[in-house]
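Residues per chain, in single letters:
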Amino acid sequence: DLKALKEALSTLENQVDSEQQRSLNEDILSFAELVLKSNNFEFNGNHYLQKRGTAIGMRLAPSYTNIFMDRLERRLIRNAEVKPRIWWQYIDDIVWTEGEEKLQKFIDYLNSAHETIKFSYKWATVIYPDEDSCTELKYSHFLQKHGTAIGTRMAPAYANLFMHHLESQLLNLAPVKPYLWLRYIDDIFMIWTAGEQSLLEFLQWINQLHNNI
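Residues numbered from 1 in each chain as written. Predicted model: local features only at pLDDT ≥ 70, side-chain atom pairs only at ≥ 80, totals over all residues. Heavy atoms only, no water.

1. Observations concerning the nonpolar core
Counted only if it meets this: Working definition of a nonpolar core: buried Ala, Val, Leu, Ile, Met, Phe, Trp, Tyr and Cys residues. They are joined through side-chain atoms within 4.5 Å. The classification of residues rests on relative accessible area computed with a 1.4 Å probe and restricted to protein chains. Under 20% of the type maximum is buried, over 50% is exposed, and intermediate values are partly exposed. Strands here mean DSSP runs of E at least two residues long; helices mean DSSP runs of H or I at least four residues long; both are numbered from the N terminus. The contact criterion used is simple: two residues touch if any of their non-hydrogen atoms lie within 4.5 Å.
Membership of the largest hydrophobic core comes to 14 residues, with the highest contact counts inside it found for F106, L110 and F119. Listed by contribution, the elements that provide at least two residues to this core are α3 (60–79) and α4 (100–111). Residue contacts for F106: discarding those within four places in its chain leaves I77, A80, V82, P84, W87 and W96. In terms of nonpolar packing, the next biggest core, distinct from the first, is built from 10 residues, L166, L171, W181 and W192 among them.

And the structure:
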């Protein structure tokens, strides 16, 4: 399904009306279709073709997933009976501010809209010392000094690029390496063959190399 990508590229055509841009968009669609229809993988000596979704580990997957989910979420929010006041997405995490009861109703609605995409949530309550501090936080401006701000359109793509760069460096330096390491958004599929204790040591090693990750 290339509808989401076509819609995103049409936005570029509207902004840059040129034959070169239209030709580039056609090439992007052709290459994307080729990649999305060639999701073949091997398991136990057999080859399989994934017919739906993007294959884990495929470089196109994170970017295309972000484009697809942006289109889907805009449509769902537009038609929702209970709408979020704020809907910020960071990779596949979302911020909600309307209370847990409305959230559950909204989640039920979202999960009825697509056959394979399902939303789940974890609820956390933030308690402020007094009403004034809450108001001050709500109406003040802050500058985020580390990482990409949740809700910015650049955040998902940049996070994918950053993590690819970081993981490439870490895996090159690792004393014991996984047999297979595939990333899909912020989930990692890994095949580890060196035993559980060695895996724990690998995770401890990799978690000490960055202050925030």
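2. Let's talk about α3
Going by this rule: Helix span is expected to be 1.5 Å times the residue number reduced by one.
An ideal rise of 1.5 Å per residue puts 28 Å on 20 residues; α3 measures up with 29 Å between its terminal C-alpha atoms. Listing the buried residues of α3 in full gives A61, P62, Y64, T65, N66, M69, L72, E73, L76 and I77.

3. Structural notes on the side chain of E167
Note on placement: E167 falls in helix α6 (residues 154–173). With sequence-adjacent residues up to four places away left out, E167 is seen in contact with W181, R183 and I188.

4. Comments concerning the pairing of strand β1 (residues 40–43)
Selection criterion: Pairing between strands is defined by DSSP: at least two bridges between the two strands are required.
Examined bridge by bridge, β1 and strand β2 (residues 46–49) share 4 bridges and lie antiparallel to one another. Each residue of the ladder has a partner; that of F41, found in β2, is Y48. Linking two consecutive strands that pair antiparallel, namely β1 and β2, is a turn of 2 residues; a positive phi of about 55° is found at N44 within it.

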